[in-house]
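Residue-level structural notes
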Amino acid sequence: MLKPFDEKIQQLAFVYAHSGLKADRNNRIYSYAAAIIDTDKPKAVSESFVRYSLLTGREKYYSGVSKEMLAAAPAPQAAADRLRTFLANQKFIFVLDNHNRIEDLKKFCGDVRVVDLSFAAEFFLPHLESYTPKRLWEYLNGRQREKAFFTAAEIVDLSVELVKHICGNVLNDRIFRRAAAIRYYLRKSHTLFGAAFLHITEHYKAYFGGLFDPCTLSETKNWQQFLEKAVKFPPEQKEKSAFKKISSELMESLYRAMSDAAKDYVFRPSQVEYAKHLAAALNDNAILTLEAGTGTGKTQGYLIPVMEFLYRNPHARVVVSTYTKSLQQQIFQREISFTKEIFKLYQDIPVAVLKGKSGYICAEKLNHAYESSLEGEQLLTWLYFVNLVFHFRDADGDAAGEKITAYLNDDFYFYQLLNEISAKDGCTPKHSRCPAQVVTAEAQAARLVITNHHKLVLLDKDVSLSGLFKIYIIDEANHFENAVRGALGQEVNSWEVGDVLRALEPMLKNILKRAKGEYEHDLDKALERISTIRETIRLLRASLIAINPKASLGQVKELPCDHPAFEEGRIKDRMNTLKQAFQDIGKDLKWIRENDVCRSLKIVSKTSERIRIYLNKFGEYAASVSAIETGLVSEDKVTAYQCFRKNWSVVSQSVEVAELIRRHIYEKADCIVYTAATLCYRGSFDAFSNITGLDSPLTPENGAKAKAFRFEMIPSPFSKDAAEIIVPQGAANGRFENKAEWLASVVRLIPELIEKNKGRSLVLFSSYSDLIAVAEKAAESITTYPLLIQQQGVSTVNLCDEFREIKESVLFGVDTFWYGVDFKGDTLTQVIITRIPYPSFFDPIQVARKKLMSPKAFWMRYYYDAEIKMKQGIGRLIRSDTDRGKVVILDSRYKIGSEK
Ligand code: SF4
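In this text, all values refer to a predicted model and were calculated from it rather than measured experimentally.

Across its full length, the chain carries 34 helices and 22 strands. Here the C-alpha atoms of the chain give a radius of gyration of 29 Å, agreeing with the 29 Å that 2.2 N^0.38 yields for 900 residues. Dimensions of the chain along its principal axes, counting C-alpha atoms only, are 80 × 80 × 65 Å. Relative to its full complement of 900 residues, the chain shows a buried share of 56%.

Given below as structure tokens:
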């Protein structure tokens, strides 16, 4: 697909095959369909089932095919021969390869080149959250699809529609003027992928009819002209007066008005109570911690008082921060529009979404990174990022799709480029055609900003936004501690450094060919330092491994500076060597900032600009190494490392963040609301107060204005009987030392529980290693109900979709499945918690806490973390008034009743 294609295209062939997990007599395909579209002939189609005896429940749900259908189908060879005859003369085929089975299909069809439409969807439609056939169908048809499965013929039709959409809309410059630039680079890529889409776009009318030709503008390489321009709004100069308060009574009447106006909205007294607490905190500039049980409706519970407060106080500004991106999107795309629709008075309140700078791609750096010699895969990589910049409002620069990274990461160019073009640094408001400037300008003009915890913590470091917002609503507040630790921590990793070296070295070698005298000497020195850095990176990895030789790759371990291996491995020396080399390269090449020198050395401005960016990065790496070195010997910092096959990363963070929060948050804001469904430990806010620095009053030194601390708790309005909590007989003790017995009991009990509940189960694991160990042994026994398993590093969006669609399925999950998912209705009637999620004693934060805290304080924190996560896991079951089910805990240490 990414190699050149110079033949004439006449017909368009689309193929799809359903294939099973296991091979049956060397074949996995059990159903196929194909269509050929020509400019002057009617569409030709071919489809068939294929004999196959190993169909699983999950495959049946995907395809709508039954075992009986397959028993009577043609043998694989006969079916393959028929398909090959149908596709004779086709030089390539389009395939929507949603299950990564392209190799099976190629084998089945004979030797034919493939254009993978799953890749094309990610490439041309980067704003979509998911690329499953159902989500693509819904996107293309603009409505929900009831039916969960697709026959092969339906996916072929979907493939045709997808190509029509890409060529008739995305590449149509009547609809997107930027298409003229995308087409220019697609042509230049000299790939089958580019040739196929350009051909169809140019001959769109001949293939698909319609009145208009998508290509009306001449192709152009000037892609930046199509970027949106930041519109600067002068900050509102409203006279600052005391805030007008909002009354408690008003809250109730607003929610009553909402229930009268919106038929889907149900009035909830608990939500009104929530809103009243919130309104009081806004009125009094208080710091409120507000736990609201599931079903309180906390999002609208804070949005209404916030909007009303903003409406009444034109100089007030509020930031809402969340931990998960899905909640940010839900607030921005659904909840705020809903509120504004009901209360027209709020419509003029400007709202913006803000991400951290590293979530954006820098348009200037991307432009500098273009070289006319780029072609094929590398040019498509560059073009993919251009397209992302065009879509920046919806797409994350660092959230590349699975197929994109699979196809475009040859020779690490993809990540090297991504690292180079991140908008992390070097910003200036002069770059007005820049996504980061556009959103910053919008946030400056907004009175309500939705952001993430990380960005909230760093808000005051952003010169354009510093001091503008004084009211913070911190939702999903139990994740705030980690966000503070991450945002204010330091990290150096060898792959980022390696990417920069790989890009910089050939540039310097090129300049060296024409350099003389002092410049030649400086370049030689800089190249020597590059070798030193590479060698030190290698040695440092060996030293880190020596600290814990038995640790598996990727495991996070504490870096203890008192460990003998720390001395013997000369870790300190190596860090110093790295730091020195980073600084020295900057000195060696300082003349790169002088235009005259660059001219005399014939360095084009793009190259000198890129080298300057790299040197800035070296400066940052040196500062980070220095901060990590300081952190290593300070008691309140924890330094951790991870080693991989060739790489390593070292991170330094604060063990406790209470003081940081007091300094960075309480001193800056007037009113702060922490809210979440789970904040209390055994009915008390003490642990949360301790974590967030609310356990001692603010003094004039650390809080200009004294603020009242308030704590409120609103229980879930759902029936207590909706969820039954069980620890079954036969559950083993889940402690680490008892792993073999625990594993045996879990492997035995899970299939029984799933069978009894008829699927519909979410099985939660406290680590990937637990999940893998159980899945390996139990999957064979879970045959009746489709089993979905979370995979490390793979987005969970598709998995959640499948779990909702395939009603009787079973989902094995870790991480976000404990807190970040919502499965309403009878999709989920049983949550199985395999083990109480106690933090690992080997977790560097736990190791550091143990050294730093008194035993009593340590254990309180330890149990608090486990209990909050446990409550979050249990909370997955009942998400609406009518939900019913059971939570089964396969760990005999659990005491029924302790969750209350
Ligand atoms: S403002 Fe920053 S992110 Fe935007 S183009 Fe300039 S350097 Fe890049």
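And the narrative resumes.
Scanning all chains against the criterion turns up five cavities of 30 Å³ or more. Its volume calculated, the largest cavity comes out at about 50 Å³. Forming the boundary of the largest cavity are Val492, Leu540, Met575, Leu578, Val625, Ile628, Trp648 and Val650. Of the residues belonging to the lining of the largest cavity, the class tally is eight nonpolar, no polar and no charged.

Attention now moves to the side chain of lysine 340. By the secondary structure assignment, lysine 340 is in helix H14 (residues 325-342). No salt bridge is formed by the buried lysine 340, whose closest oppositely charged neighbour, aspartate 348, lies at an N-O distance of 7.3 Å. Residues within four places of lysine 340 in sequence aside, it is in contact with Met307, Tyr346, Gln347, Ile349 and Val351.

With that out of the way, let us pick up the sheet that holds strand E22 (residues 885-889). In spatial order, the strands read E17-E22-E21-E18-E20-E19; together these six strands make up an open sheet with parallel pairing. Looking at strand neighbours, the two that pair on one side only are strand E17 (723-726) and strand E19 (787-789), the edges of this open sheet. The mean inter-strand angle of the sheet, taken between neighbouring strand axes irrespective of direction, is 15°. As paired elements, strand E21 (residues 830-833) and E22 share four bridges and run parallel to each other. Bridge pairing in E22 links isoleucine 832 to valine 888. In the packing of helix H30 (residues 739-757) onto the sheet, contacts are made with strand E18 (761-764), strand E20 (810-813), E21 and E22, and the angle to E21 comes to roughly 175°. Helix H34 (residues 855-874) rests against E17, E18, E21 and E22 of the sheet, and its axis sits at about 155° to E21.

Judged by how many residues are buried, helix H5 (residues 117-124) sits mostly within the fold: eight of eight residues are covered. The complete set of buried residues in H5 reads Leu117, Ser118, Phe119, Ala120, Ala121, Glu122, Phe123 and Phe124. Between the side-chain oxygen of the N-cap and the backbone nitrogen of serine 118 there are 2.8 Å, and the N-cap of H5 in question is aspartate 116.

Taken together, nine residues lie near the ligand, and Cys362, Cys427, His431, Cys434 and Gln437 sit nearest. Residues that form the shell around the ligand fall into these classes: four nonpolar, four polar and one charged.

What follows is about the domain arrangement of the chain. Assigned domains of the chain: these are domain 1 (12-217), domain 2 (268-349 + 447-488 + 657-717), domain 3 (358-428), domain 4 (491-654) and domain 5 (720-889). Residue-level contacts link 19 residues of domain 1 with 22 residues of domain 3. In this assembly, domain 1 packs against domain 3 so that about 2000 Å² is buried in total across both faces, 67% of it on carbon and sulfur atoms. Our enumeration of links across domain 1 and domain 3 arrives at two salt bridges. Across the pair lysine 403 and aspartate 116 runs a salt bridge, and its minimum N-O distance is 2.7 Å. Taken together, the connections running from domain 1 to domain 3 amount to 13 residue pairs in polar contact (both at pLDDT 80 or more). Listed by contribution, the elements that provide at least two residues to the side of domain 1 that touches domain 3 are H5 and helix H8 (179-189).

Tracing the chain through its elements places serine 130 in the loop between H5 and helix H6 (133-141). A distance of 3.4 Å separates a polar side-chain atom of serine 130 from the backbone nitrogen of threonine 132.

Our focus in this paragraph is the packing of H6 against helix H7 (residues 152-170). H7 packs onto H6 with a crossing angle of 50° between their chain directions and a minimal axis gap of 10 Å. Taken together, H6 and H7 sit at an angle that is classed as oblique. At the point where H6 passes H7, the crossing takes the left-handed sense. In contact with Pro133, Leu136, Trp137, Tyr139 and Leu140 of H6, H7 contributes Ile155, Leu158, Glu161, Leu162 and His165. Its residues assigned to classes, the contact of H6 with H7 comprises eight nonpolar, one polar and one charged.

The next thing to look at is the pairing of E22. Bridge analysis of E17 against E22 gives four bridges, and the strand direction is parallel. Note that in E22 the partner of isoleucine 725 across the bridge is valine 887.

Within the largest apolar cluster, 77 residues are counted, with the highest numbers of intra-cluster contacts made by Phe94, Phe124, Phe193, Phe197, Trp223, Trp382 and Phe385. Two domains each provide a minimum of three residues to this core, namely domain 1 (12-217) and domain 3 (358-428). Among residues more than four places away in sequence, those in contact with phenylalanine 197 are Phe94, Val115, Leu117, Ala120, Phe124, Val163, Ile166, Cys167 and Leu171. Of all hydrophobic cores here, the second largest spans 49 residues; its members include Leu501, Leu523, Leu578 and Cys643.

Of the voids in this model, the second largest pocket is the one considered here, and its volume is about 690 Å³. Ser494, Trp495, Arg502, Lys646 and Asn647 are the residues nearest the centre of the second largest pocket, which is lined by 18 residues in total. Breaking the lining of the second largest pocket down by element, the ones donating at least two residues are helix H22 (494-512) and helix H23 (517-547). Of the residues assigned to the lining of the second largest pocket, the class counts are seven nonpolar, four polar and seven charged. A domain-level breakdown of the lining of the second largest pocket finds at least three residues from each of domain 3 (358-428) and domain 4 (491-654).

Attention now moves to the pairing of strand E1 (residues 12-24). Across the 13 residues that make up E1, a large majority, ten, are buried. Where E1 lies against strand E2 (residues 27-37), nine bridges are found, and the strand directions are antiparallel. Following the sheet pairing, serine 19 is matched in E2 by isoleucine 29. Following E1, the chain reverses through two residues before pairing antiparallel with E2; arginine 25 in that reversal takes a positive phi of roughly 45°.

Before going further, it helps to examine the state of the cysteines. Applying the stated criterion across every chain, the model contains zero disulfides. For cysteine 215, which is in no disulfide, the shortest distance to another cysteine sulfur is to cysteine 167 and amounts to 9.0 Å. Left without a disulfide partner, cysteine 671 is nearest to the cysteine sulfur of cysteine 680, which lies 19 Å away.

Each value, and the rule that gives it
- Residues numbered from 1 in each chain as written.
- Predicted model: local features only at pLDDT ≥ 70, side-chain atom pairs only at ≥ 80, totals over all residues.
- Heavy atoms only, no water.
- Helix = DSSP H or I, 4+ residues; strand = E, 2+ residues; numbered from the N terminus.
- Rg over C-alpha atoms; globule rule 2.2 N^0.38 Å.
- Buried < 20%, exposed > 50% of the residue type's maximum accessible area, 1.4 Å probe, protein only.
- 1 Å grid on protein atoms, 1.4 Å probe; cavity = no way out; pocket = protein on both sides within 12 Å on 5 of 7 lines; lining within 4 Å.
- Points joined across faces, edges and corners; volume = space filled by probe spheres on them.
- Nonpolar A, V, L, I, M, F, W, Y, C, P; charged D, E, K, R; others polar.
- Lys, Arg positive; Asp, Glu negative; His and termini not counted.
- Salt bridge = Lys/Arg side-chain N within 4 Å of Asp/Glu carboxyl O.
- Contact = heavy atoms within 4.5 Å.
- Pairing = 2+ DSSP bridges.
- Axes fitted to C-alpha atoms, helices over the stretch in contact; angles between N-to-C directions.
- Polar contact = N/O pair within 3.5 Å; in protein donor to acceptor, adjacent residues only side chain to side chain.
- Near = heavy atom within 4 Å.
- Domains from an automatic or database assignment.
- Buried area = accessible area lost by both parts, 1.4 Å probe.
- Parallel < 35°, antiparallel > 145°, perpendicular 65-115°, else oblique.
- Left-handed = near helix turned anticlockwise from the far one by under 90°.
- Core = buried A, V, L, I, M, F, W, Y, C linked by side-chain atoms within 4.5 Å.
- Disulfide = S-S within 2.5 Å.

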